[in-house]
Structures are given as structure tokens and as C-alpha cells.
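Single-letter residue listing:
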Amino acid sequence: MTYNLIHDEKELKHFFDEVMPPLTSNEVYFFSLSARNKYLSLEEREHFGLGRTEMFERTIVREKDWNKFLKKIVRYQTVEGGYLTKKNLPIPEKSIVVYFNINPTNVLKAYNEFLGTMNEYFMELGLNASKSGDIDNVSKRINKMDVLLMNCLQRNRGTKHYIDVDFDIPKNQDWILNKFLNNLKENNVTYYVIDTKSGFHVLLKRDTIKYNFTEVVKNLEQEANTFRLGKMISEQHWEIAVNKNGMIPLPGTYQGGHPVRIIKGV
């Protein structure tokens, strides 16, 4: 069996052409897989022992080239057994999400952080040369330099093209989303709406925002939860907030079995 993570190549191409920002010098695109426990039943969680497999198979694309972009995503579709849980069982396909950083990574910033941390490790190694326990500890961290580098690439943003507002709400309550979109239209903000498994992501073009939209987001979340409580809707707190990590499920791929799509754009 092979992992089937792409639901629509045309949707991927649409995202690549219409939404993916350009790269400047020293910038790359950043991708990652994530395995989410919340897409499994309680029995499946116990059986597979997924644990906190939050981000793995992190990778970059160095230029805006459709074939290279597609190749990276296709490579994620490895055979069963390519991704294992802590119990050495294949990670269930329905738990896997392909994430994309909406803003590019600045490799110079990433390398600067990486170099600084590695220098600290080497200094620590020299200072503890006579303490075998301390040497073993820092040596283990040095041996994970590939993990550190990917952490640095994931964190260090380059040009900030987009802000992401995450609507973690029931799909049948999209009046909340539409109220926000009407506000964006009134203020001439360019945006894209992405339909995900647990709600919607709204990508806002930063250079078109000329007002304090965060206050609107805060008030809208309060209004939504006041409505929820008034209607005695049992679902947990509905969250509407700026997504600070800047990662979204990639349109054209599956998120917990749900096909992620771009459904609106202005």
C-alpha cells in the first residue's frame, strides 16, 4: 500500500499559481508532514501509539518551479512502513497532514540561529571535557544537528506576505466566516479562504491591510461563542484567532481524510 496524500493535482496547481508567494534571494519554501492523534479513535490511539509525532519529513523547495514543487509532495506518498509510530507500526494515512509555511523561510536567518546554537554546543563540550555525563548529553544534541537545522528553517521567516486567521468552527456556522469576509471586502483586503477538516483558514495579503483587523477577529470570536452558548450548542469553544505559526494544510492534499481546497478568493 502507498500513502495517498494528494486528492487533486489541479487544486495543488491552483494554489501554486494563485496563492504561493514569490521568493526573493536567500528564501525557500518550507513543508512538513504531521501525524495528528485527534483524527484517530481512542482505540486506534492506543493501538498505534502515535504519541507527539507533530512534525516530521520536513523539507524545502529552493525555487518557484511547479515540477519541483509537485515532486516534493509526490515523494511524501511513500509505501506503508515508510512512516512508523513509536510502536514501529505504520502511521495511519488518515492521521497525516501536509503542512506548508505560508511565508517563505530566510535561509540566512536560519543559518545564523543554527550556527549560534552549534557554537554554544561546542563551547559547552569544551567546558565539560572532564565530565563524561555532560559530554554525552551535549554530544547527543550535536548528533541531532539535522533536526536543529530544520527547526531553524521552520522558525525563521523571510518576507511576510500573508497573515492567517484560523476559524476553528463547525462548517454549518459559516455565517461567522462570512461576517469576517464582508468586513475584509469593506476594507479592500485581498484574501483567500481555505476549507479544512476543522473549519477554515483565511489568508490575508499583508500589504492590503490598512486597519486593525485583529480587534475585529477578537470581537467576532466573542460574538460566535456568545451565540453558541445562547443556542446551547454542545461543541467546545469555537476558536477564531491569528495563526501565529503560519502553517496551513496544503490545498490539494488530504487532512485527516478531508480534501483541503481553496473555496474563495478576492
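Residues numbered from 1 in each chain as written. Predicted model: local features only at pLDDT ≥ 70, side-chain atom pairs only at ≥ 80, totals over all residues. Heavy atoms only, no water.

So, about the packing of aromatic side chains. Per the stated rule, a full pass over the model turns up 14 aromatic pairs. Each residue in the set Phe15, Phe16, Tyr29, Phe31, Trp66, Phe69 and Phe100 is aromatic and connected to the rest through ring pairs, giving one cluster. Just above the ring of Phe16 sits the side chain of Lys64; from NZ or CZ to the centre is 5.3 Å. (Phe/Tyr/Trp six-rings, centres within 6.5 Å; stacked < 30°, edge-to-face > 60°. Lys NZ or Arg CZ within 6 Å of the ring centre and 35° of its normal.)

Considered for burial, the residues of helix 6 (residues 145-155) that qualify are Leu148, Cys152, Leu153 and Gln154. On its buried face, helix 6 sits against strand 1 (27-35), strand 2 (56-61), strand 3 (96-101), strand 4 (105-106), helix 4 (107-127) and strand 9 (247-249). (Buried < 20%, exposed > 50% of the residue type's maximum accessible area, 1.4 Å probe, protein only. Helix = DSSP H or I, 4+ residues; strand = E, 2+ residues; numbered from the N terminus. Contact = heavy atoms within 4.5 Å.)

What follows is about the nonpolar core. Within the largest apolar cluster, 35 residues are counted, with the highest numbers of intra-cluster contacts made by Phe31 and Leu250. Within the residue set of this core, elements represented by two or more residues are helix 1 (9-18), strand 1, strand 2, helix 3 (66-75), strand 3 and strand 6 (191-196). Core analysis: the next-biggest nonpolar cluster, separate from the first, contains 22 residues, Val165, Phe167, Ile176 and Trp238 among them. (Core = buried A, V, L, I, M, F, W, Y, C linked by side-chain atoms within 4.5 Å.)

Our focus in this paragraph is the side chain of Glu11. For Glu11, the position within the fold is in helix 1. Of the buried charged residues, Glu11 lacks a salt bridge, with Arg261 as the closest side chain of opposite charge at 4.8 Å. (Lys, Arg positive; Asp, Glu negative; His and termini not counted. Salt bridge = Lys/Arg side-chain N within 4 Å of Asp/Glu carboxyl O.)

Counted by the stated rule, this structure contains seven salt bridges. One salt bridge connects Lys13 with Asp17, and the closest N-O pair in it is separated by 2.8 Å. Placement of both Lys13 and Asp17 in helix 1 is noted, with a separation of four residues, approximately one turn of the helix. For Lys13, a relative accessible area of 29% translates into the label partly exposed. Judged by its relative accessible area of 41%, Asp17 is partly exposed. A salt bridge links Arg141 to Glu124, with the shortest nitrogen-to-oxygen separation between them at 2.8 Å. Here Arg141, found in helix 5 (residues 132-143), pairs with Glu124, found in helix 4; they are 17 residues apart in sequence, far enough to count as distant. By relative accessible area, which is 28% here, Arg141 ends up partly exposed. You can call Glu124 partly exposed: its relative accessible area is 28%.

Each turn of an α-helix holds 3.6 residues, which means side chains three or four residues apart point in the same direction. The terminal C-alpha atoms of helix 7 (residues 175-186), which comprises 12 residues, lie 16 Å apart, in line with the 16 Å expected from a rise of 1.5 Å per residue. Among the residues of helix 7, Ile176, Leu177, Phe180, Leu181, Asn183 and Leu184 are the ones counted as buried. One face of helix 7 carries all of its buried residues, which in axial projection span an arc of 155°. The inward-facing, buried residues of helix 7 contact strand 5 (162-168), strand 6, strand 7 (199-205), helix 8 (213-230), strand 8 (239-242) and strand 12 (261-265). Asn188 sits one or two residues past helix 7 and shows a positive phi near 55°. (Expected span 1.5 Å × (residues − 1). Arc of directions from axis to C-beta.)

For the rest of this paragraph, the subject is the sheet that holds strand 5. With antiparallel pairing, five strands are arranged side by side in an open sheet as 8-5-7-6-12. Pairing within the sheet leaves two strands with one partner each, and these edge strands are strand 8 and strand 12. Direction aside, the axes of adjacent strands within the sheet are offset by 20° on average. The strands touched by helix 7 are strand 5, strand 6, strand 7, strand 8 and strand 12; relative to strand 7, the strand with the most contacts, the crossing angle is about 10°. (Pairing = 2+ DSSP bridges. Axes fitted to C-alpha atoms, helices over the stretch in contact; angles between N-to-C directions.)

The quantities given are spatial measurements derived from coordinates; they are silent on function.
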